[in-house]
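# Reading the structure
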Amino acid sequence: MKNSVPLRLHVPEPPARPGQAPDFSWVKVPAAGSVSRPDIGTDPHDMREHAYTMIRVLDGDGKAVGPWNPRLDAETLRRGLRTMALTRAYDDRLFRAQRQGKTSFYMRCTGEEAIGVAQAMALDNRDMTFPTYRQQGLLIARGWPLVDMMNQVFSNTRDRLKGRQMPVMYSSKAAGFFSISGNLATQFPQAVGWAMASAIKRDTRIAVGWIGEGATAEGDFHHACTFASVYRAPVILNIVNNQYAISSFQGIAGGEHTTFAARARGYGLPALRVDGNDFLAVHAATGWAADRARANFGATLIELFSYRASAHSTSDDPSKYRPEDEAAHWPLGDPIARLKAHLIALGEWSEERQRQMEAEVKEEVRAAMREAESYGTLGTGEHHSPATMFDDVFKEMPWHLRRQRQELGF
Amino acid sequence: MKNSVPLRLHVPEPPARPGQAPDFSWVKVPAAGSVSRPDIGTDPHDMREHAYTMIRVLDGDGKAVGPWNPRLDAETLRRGLRTMALTRAYDDRLFRAQRQGKTSFYMRCTGEEAIGVAQAMALDNRDMTFPTYRQQGLLIARGWPLVDMMNQVFSNTRDRLKGRQMPVMYSSKAAGFFSISGNLATQFPQAVGWAMASAIKRDTRIAVGWIGEGATAEGDFHHACTFASVYRAPVILNIVNNQYAISSFQGIAGGEHTTFAARARGYGLPALRVDGNDFLAVHAATGWAADRARANFGATLIELFSYRASAHSTSDDPSKYRPEDEAAHWPLGDPIARLKAHLIALGEWSEERQRQMEAEVKEEVRAAMREAESYGTLGTGEHHSPATMFDDVFKEMPWHLRRQRQELGF
Amino acid sequence: MPKMNMVQALNSAMDVMMARDDNVVVFGEDVGYFGGVFRCTEGLQRKYGPDRAFDTPIAEAGILATAVGMGAYGLRPVVEIQFADYIYPATDQLISEAARLRYRSAGEFTAPITVRAPCGGGIFGGQTHSQSPEAIFTHVCGLKTVMPSNPYDAKGLLISAIEDDDPVIFLEPKRLYNGPFDGHHDRPVTPWTEHPAGDVPEGHYRVPLGKAAVARAGESVTVLAYGTMVYVALAAVAESGIDAEVIDLRTLLPLDIDTIVDSVKKTGRCVIVHEATRTSGFGAELSALVQENCFYSLELPIVRVTGWDTPYPHSLEWDYFPGPKRVADGLRRAVDGT
Amino acid sequence: MPKMNMVQALNSAMDVMMARDDNVVVFGEDVGYFGGVFRCTEGLQRKYGPDRAFDTPIAEAGILATAVGMGAYGLRPVVEIQFADYIYPATDQLISEAARLRYRSAGEFTAPITVRAPCGGGIFGGQTHSQSPEAIFTHVCGLKTVMPSNPYDAKGLLISAIEDDDPVIFLEPKRLYNGPFDGHHDRPVTPWTEHPAGDVPEGHYRVPLGKAAVARAGESVTVLAYGTMVYVALAAVAESGIDAEVIDLRTLLPLDIDTIVDSVKKTGRCVIVHEATRTSGFGAELSALVQENCFYSLELPIVRVTGWDTPYPHSLEWDYFPGPKRVADGLRRAVDGT
Ligand SMILES: Cc1ncc(C[n+]2csc(CCOP(=O)(O)OP(=O)(O)O)c2C)c(N)n1
Ligand SMILES: Cc1ncc(C[n+]2csc(CCOP(=O)(O)OP(=O)(O)O)c2C)c(N)n1
Ligand SMILES: [Mg+2]
Ligand SMILES: [Mg+2]
C-alpha cells in the first residue's frame, strides 16, 4: 500500500488532570469591544468569523466597551446583579439541603449565572424557553416564586409536579419554562418545533433552547440545527460550553478542532461566540438573536463560553478528574464579581451595598426555605398520595391503570 | 413586544416543478482547474473555501487541467470508462428484469457512475467500504462477479444472502463491501467505527463511507462526523448530493443556505466539494483524502455534486415531482460521455472503440444474466429452502427458533 | 355513500380534520408536494398550504421532536413515518418525551400527536419494509396504539386519534390499503370498492379508541386479531369450518378487555394472531390477560400464531407470513388440542 | 477466594477479558480516565491504555454505531450506556443494525458487542434513572438479554457475553451493586462481602448464557424473577412462609425454558415478578410460555407482580417498586387463589 505507516487512534486528553497545574493557556481571550456587531439581517456567511472569536463587553477595569454594549440603565444592571446573587444563594442553600438529607439530588449553576439571568432579561417574558437543568436563573429572573421551585426540589405536598420529577427538573407553563427532561438534548429540537408552530400561527413569540457542550454530540442537536435552518425557524439555539460533561472535558465532545459555535457554519446558520461570564455580552448577543428571529431572518446559534465552577451535581466529585484549584484559574472570572465591578466603576454600586444585597437575598432564600419545608421535604416524606401516581399518564385513566391503582389499595 | 411583525414559516421550494422549465441557474460551476490543491496535512481551517467551491479537472474541451489532475495513464482511464459503462449496462438490464417480473425492486445509479467507479479505483482494494444502495459501481470496479450480484437481486438459489435482503442490498466481505442496510445513514458512523478499530490495531487500511444528501439529516450523520473528528479516525466520509431524496429536492435536506460539504466546517474536518460527474476530479479528491487518512491526519468529508438522472427506484415516478426533461439540463453533463471525450481528446479512444466497448459490456451483462437466471429468479420462485429462514439469527440456533422451524415443518 | 380504499379514507380523515381545526398540521418525508410514497397525504399541501402540509428532512427523530414542540405550543401534529421500520430513530423522542410529557409536567404540557406509519409485510419489502413494531409501543406507558383493518375504521379511528389529547401510534397495514388481503397472495384481492367497509362517509365521524369490533360472531373459539390478520383469520375460519368468533381489536392500547373476556368466557378457547415476531409480541400480553381473566373458562391452552422470531425475509416472505393455513392449524389446535 | 461487590466483579470480568484478548475494547460516557459514574471501568484505561478504554461523546447511537463498525472489523466492543434509560437514542443501531447484521449478511459480518447498562430503581433517580427496558430487547430477534443478580454471576455472565459472537444487552440492577437489596429500603443492606455470592474468583470463568439458577427450591409455587426481584422474592417467601421455588432467570433470551417448565409442572402454580411496567413486559411472555407449556399442570391463574404502568415517580418510588409485601400478596393469590 502506498503509505503504510501504522494508523493511530487519537484520544483527546485535557491539559491538566488532578495533581497537575491548571492550564487555560489554550483559551484565546480577545479584548473586550474588539468584535464587530453586524446588522441583524446579515448573511451568515458574511459574519462567519463570529463563530471563532469571542464577544466581550466588560473590560478589565469594569468598563463596558464596544459595539456590543447593550447600554442598560443602572436599575437594570442592579436587577441583573441581584438576580444572579439570588440564584447563587438559592443554589448554595439547596445544595446544603441535599447534604442535610432534605432531598435526593441537586445541581448548581455556579459560575454560569449570567447565562440564565441575562438571557431571561434580554428576552420577552412571553418567549418560550426550553432549558437544561442548569438554567434555573431563567425562572428566578422571570420572578417565579422560590418557594414553588423548592417545593419541586423537595417533592413535597405543594410540588405542582406531584413529586414525580427528580429535583431541579422544573416545569412552569406560566413562566414560559418548558418541562425539563432528564434525557439530554431532547429539548433542543423541541424548541425548534415550538418556534415552527409560532411561525405557522403567524405569532410573534420566539423559542429559545439551551444545551450543554457535551450534549451537542447527540443526534437531537443535529436535528435542531437542520430543521431550524431548513424552515428558518424563529428560535435561539444556545450551547452552554462550561468545559465539562460530568468528567469529560470539552475535547471529548469535539471541542479540540474547532469551536462549538462553528457547528452553525455547517447549516448556514449565524453563530455568535460569547464570553458567558460577561453579563452584558450575554445580554447583547441574546438581544441580537431575538431581534433577528422576530424579523423573520431565522435562527441563531450562540456558544456561551463559561466554566462549571462547582461539581456536576451532588453525586459528583470533580477532584477525581480535574485539578482541585482549576476554577480559580479560569481566565474569564466570575459573572457576579464582574458585573459588580462594572456597577462600582459606574459609580452606581458599592461594596457596602453589595454586602447588604447579599444579606437580603440570603434572607429571601431562608424565608422561602422555611415556607417550603413547612410543606414537607423528601427527607420527612410528606408528599402527594400514592393514588396520584396513576394520574396524568393519559388524560383519562384507562381501565388497566384504574385496576392497578386498586391493587395498590386506592 | 419590540418588533411584532407576524412570524412566517419558510418551506423550501425547488426552482422547478412538473410543467415548469428546468432551472439550474443557481448551480455555480467554477472553471476546471481553478481550485487549489492543498497539502494533505493542511489545517482544515486553512482550506475552508474548498467546502464552497467545486473541484473540477475536465474542461469543456475534454482536457484535464489544474492541480487536481490525477495524471492517470490511458490504460487506467480506459478501465474507468469501461467500468462505468459496464455499471450502466448492468443497471439498465436489471431495471428491465424488474419490469419483466424477474424481481421485486431495483435501483439504478445512472449519472452517478463516476462516484463508485473512480473512488474504488483511487482506493486500495483492502480498504473497507460502507456504501449506500447507489454504489454498485464499487463492487463492479473491484471486479466482483456480476453473476453473484444478480443472484442477490434475484434472491435465487445461488444468492449468498439466502434471499433475505431486498434487491441491491449487496454484501461482500471479500470485496471489502459492507452489508447494505435498508435504513438510511446507519452505515456512516459504522464506517467511522471500523476506521477507529483499524487505528486501534495499528492497521494501515482505512474505511470509506457514503451517504445521500437527503440522509445527512439523520443523527447518524452527526455521530459519524463527531466521532471522526474527536478520534481523528482514518475514514473518508462521502456525501453523494444527487439533488434528490425520492421526491424532495436538496433544499429540504438543508441545501438552501449552504453546501453539504460545509457540514464539515462545524466539526473542524476538512471538506472537498467535487464535481461528481468528473471522473478525474472524483478520483483525485478521493486519493487526497485517502493519503490524508493514511498519514494519520484523520477524516475528510467529500461532497460529490451530481444528479440522479433516473427514478429513485423502480417504485418511483419522478415526473410527479420534477420536470420531465430536467436531467437533460443538468449543467455537469454525463460522467461516461465526459471521460470518453477526454480519452478521445487524448487520442487514446474513438467513437468506434466506444461502440465496440459498449457492445462488449452489454454482452458481458447478457451472459451473466443468462447464468444468473439459470439459478432462478424471484419470479420463477426458485430460492433457498424455508428452513434457512431460521439460520443466522444467532450463531447457534436457540430452542425457540428450532421449535418454530418445526412448526413450519422442518 | 362514497367508496374509498384505505388510502383515500386516511386522506379524507386528515382533510376533514385540517378543515375543522387549523391547529392540525401534517408533515413527514415526501408528504408535501408529492403526497407521500403511499399517496395518503395527496392534495393536502395544495389545499391547506405548505405551512400546514410539508416535506421534512430525513430525520424521524427530528420529525417527532418538532412535533412534540408544536404540541407544546398547541398544535395537533399528524406526522408520517414512511415505514414503521424507520420509526426506531425516533424511539427516544417517543418514549422519553411524547409519552412522558403529560406525566412529568403534571398536565401542564401535553403531546397531542398522531404518528402514522405503514406496517406489515407482503410487498416483498424485506426486513426493512415489513415490520410490525406495535408491541414495543404497548409497553410504553403514555402511548396509545391503534391498527385499523378497513377504510371505515381507518378514517374514524384516525379522526379520533387526531382529536385525542395524548400521543397515538397509528399503524396502517400496507397490505390493506387496496383491499381486504386475506393471505392468499396467489389470488387477486377484492378491492375495497366491493366491500361494505369501503363505504366511507365524506364528513366527520369517529370510531372510538379502545373499542374492539366483532368481525365474526362464533361459539367454538375466540380469535384475537388486528390489521391484516383479521382477514387471514376470517379466511382460516371459512376454510376450516370452525365456528370461531373473530375479534378485531382495532386499538391495542387502551385495550377493550371486556369484549375479549366476554368472548373467551363464552368459547373457552382462544387463538391469538399477529404478524409481528412472537417472543414478547403483543400476543404475549393478550395471552397473559386472557389467562388472568378467563382462567376458569379456558378448556385448552391459548394458541399463538405469529410471525417467526426472525427478520422478515425477502424471497421467503410467504413462509414467514402467518397465512390462512397456519391460522387454521392454530384454530384446530385450540379447539381439539392436537 | 476474594470478596467482591458487583461493581468489582464486573470490573474484574472486563479486566480479565482485556488481558486475554486484545480485541476487547471498552468505551462509553465517562468510562475512561474517570472509570464510569458507577466506577465499573475504574483502572482499565490506566492498565490498557486510552485506545482500549476511552471516553466517548454523549451520543448513545454513536457509541453503538461505532461498536458495530468495530465488530465488523473484528474487535469485541464492550460499551457502557450510563443508564438503561438512555439507551433509546441507540435503538435503531441496536435493532436495525447490531441485531440484524449476521442475518442480513448471512454470517459474513457479525456484531459481537456487549452493551452494559445499569437498570432498575430504588435510588430516587426518578423516571430517567430507574427504568427496566428488558422487554423491548427480548422482542428483537438477534439480541440476547442478560440480567445478573449477584457478583459471581455478574462476572461469569459478563465474560460469557463478551465471548459471545452475537450482541448481548447486559442489564445491571444498580440496587444490587453493593448488596442483595430485598426491597426493605428502610433496613440496611448486607454487603456482598457477607454473602456467599460475593466470593468471586480472580481469574477467568464463565456462567453460561441461557441457563437459569434455582435461588430457592420449593414445592408450593414457582416464582420467576431476575435481578433485584430475586431477593425481593426470597424476602417475600421468608415473610409469607410459603414454600416457593424461586428461579433466577439470569438470561431472558435465550430463555431456560426447561428449568421453568419442570418447576411449574411440579408446583402447579406460578408468580412472575419484575420491576418493569406490566403491560407487554417480559412477564407477559413468561406467562404465555408457562400456560402454553404447563396448561394441564396449572391449578390457579399465573400471577404477575410488576411495576405499575406509569413512569417511575421520584418521591413515590417505594409505592411503585414491587416490594416484598406486594410479592407476598402475589404468592398468596397464586397459592390459594384469593
Ligand atoms: C441521553 C442521555 N445520556 C446521558 C445522560 C447522563 N448525563 C447527565 S448530565 C451528563 C453530562 C452533560 O454535560 P453537558 O451537556 O456539557 O451539560 P452540563 O452538565 O455541563 O451543563 C450526562 C452524560 C443523560 N442524562 N441523557
Ligand atoms: C431511516 C430511513 N428513513 C426513511 C427511509 C425511506 N427512504 C429510502 S431512500 C430515501 C431517500 C434517500 O435520499 P438520499 O439520502 O438523498 O439518497 P439517494 O436516494 O438520493 O441516493 C428515503 C426517504 C429509509 N430507507 N430509512
Ligand atoms: Mg458542559
Ligand atoms: Mg439524494
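Above this text sits the structure in question.
Parameters and conventions
- Residues numbered from 1 in each chain as written.
- Chains lettered and ligands numbered in written order.
- Predicted model: local features only at pLDDT ≥ 70, side-chain atom pairs only at ≥ 80, totals over all residues.
- Heavy atoms only, no water.
- Least-squares fit on C-alpha atoms with pLDDT ≥ 70 in both.
- Contact = heavy atoms within 4.5 Å.
- Donors = N, O, S within 2.8 Å, 3.2 Å for Na, K, Ca; no water.
- Helix = DSSP H or I, 4+ residues; strand = E, 2+ residues; numbered from the N terminus.
- Buried < 20%, exposed > 50% of the residue type's maximum accessible area, 1.4 Å probe, protein only.
- Near = heavy atom within 4 Å.
- Polar contact = N/O pair within 3.5 Å; in protein donor to acceptor, adjacent residues only side chain to side chain.
- Nonpolar A, V, L, I, M, F, W, Y, C, P; charged D, E, K, R; others polar.
- Buried area = accessible area lost by both parts, 1.4 Å probe.
- Salt bridge = Lys/Arg side-chain N within 4 Å of Asp/Glu carboxyl O.
- Core = buried A, V, L, I, M, F, W, Y, C linked by side-chain atoms within 4.5 Å.
- Pairing = 2+ DSSP bridges.
- Axes fitted to C-alpha atoms, helices over the stretch in contact; angles between N-to-C directions.

### Some remarks on the relation of the copies chain B and chain A
Superposing chain B onto chain A takes a rotation of 180 degrees combined with a translation of 0.0 Å along the rotation axis, leaving an RMSD of 0.0 Å. These values place the two chain copies in the arrangement generated by a two-fold rotation axis. When C-alpha positions in chain B are compared against the rotation axis, the closest is assigned to Gly219(B), at 2.0 Å. Comparing interface residues between copies, 100% of those in chain B also lie at the interface in chain A; the contact surface is shared.

### Topic: the coordination of the magnesium ion (ligand 4)
All names here are of chain B. Taken together, Glu213 (OE), Asn242 (OD1) and Tyr244 (O) make up the protein donors of the magnesium ion (ligand 4), found 2.1 to 2.2 Å from the metal. Ordering the donors of the magnesium ion (ligand 4) by residue number gives the pattern E-x28-N-x1-Y. Within this pair, whereas Glu213 is found in the loop between strand E2 (207–212) and helix H6 (219–230), its partner Asn242 is found in the loop between strand E3 (235–241) and strand E4 (244–245), the two being separated by 29 residues in sequence. A residue is classified by how much of its surface remains accessible, and Glu213, at 1% relative accessible area, is buried.

### Considerations on the site of ligand 1
As a matter of local geometry, ligand 1 sits amid 20 residues, with Tyr133(A), Arg134(A), Gly182(A), Tyr244(A) and Glu60(D) nearest to it. Take Gly214(A): an N or O atom from its main chain is 3.0 Å from an oxygen atom of ligand 1. Here an oxygen atom of ligand 1 sits 2.7 Å away from a polar atom, N or O, in the main chain of Tyr244(A). Here the shell around ligand 1 is built from residues that sort into eight nonpolar, seven polar and five charged.

### A closer look at the interface of chain B and chain A
Where the parts come together, the accessible area they lose is often given as the size of the interface. Tallying the contact residues gives 61 residues for chain B and 61 residues for chain A. Of the roughly 5,000 Å² buried where chain B meets chain A, counting both sides, 58% is carbon and sulfur surface. The interface formed by chain B and chain A holds two salt bridges in total. Put simply, the parts of the chain that give the side of chain B that touches chain A at least two residues each are helix H5 (187–200), H6 and helix H7 (279–294) of chain B. Among the elements that make up the side of chain B that touches chain A, the one with the highest residue count is H6(B) (seven residues). Among the residues making up the side of chain B that touches chain A, the classes are represented as 24 nonpolar, 20 polar and 17 charged.

### Description of the coordination of the magnesium ion (ligand 3)
Residue and element names in this part refer to chain A. On the protein side, the magnesium ion (ligand 3) has Glu213 (OE), Asn242 (OD1) and Tyr244 (O) as donor atoms, found 2.1 to 2.2 Å from it. For the magnesium ion (ligand 3), the single-chain donor residues occur in sequence as E-x28-N-x1-Y. We classify Asn242 as buried; its relative accessible area is 5%.

### Points about the interface of chain A and chain D
Taken together, the contacts link 43 residues of chain A with 39 residues of chain D. Between chain A and chain D lies a buried interface of about 3,300 Å² when both sides are counted; carbon and sulfur atoms form 62% of it. At the surface where chain A touches chain D, the tally comes to one salt bridge. Salt-bridge contacts for Glu407(A) lead to Arg278(D); the nearest nitrogen and oxygen are separated by 2.9 Å.

### A word on the nonpolar core
Membership of the largest hydrophobic core comes to 353 residues, with the highest contact counts inside it found for Tyr90(A), Tyr170(A), Val235(A), Tyr90(B), Tyr170(B), Val235(B) and Leu249(C). If near-sequence neighbours (up to four positions away) are discounted, Val235(A) is found in contact with Ala191(A), Val192(A), Ala195(A), Ala207(A), Val208(A), Ala228(A), Ala293(A), Gly298(A), Ala299(A) and Thr300(A). Among the nonpolar cores identified, the runner-up in size contains 72 residues, and Leu253(C), Met4(D), Val200(D) and Ala334(D) belong to it.

### Examining the sheet that holds strand E6 (residues 271–275) of chain A
All names here are of chain A. The five strands are arranged E1-E2-E3-E7-E6 in an open sheet whose pairing can be described as parallel. Both edges of this open sheet fall to strand E1 (128–130) and E6, since each of them pairs with a single strand only. Ignoring strand direction, the axes of neighbouring strands in this sheet form an average angle of 20 degrees. Sheet topology places E1 next to strand E2 (residues 207–212); three bridges connect them, and they run parallel. Looking at the pairing, Thr129 lines up with Val208 of E2. Helix-sheet contacts for helix H5 (residues 187–200) involve E1, E2, strand E3 (235–241) and strand E7 (300–305), and the interaxial angle to E2 is about 170 degrees.

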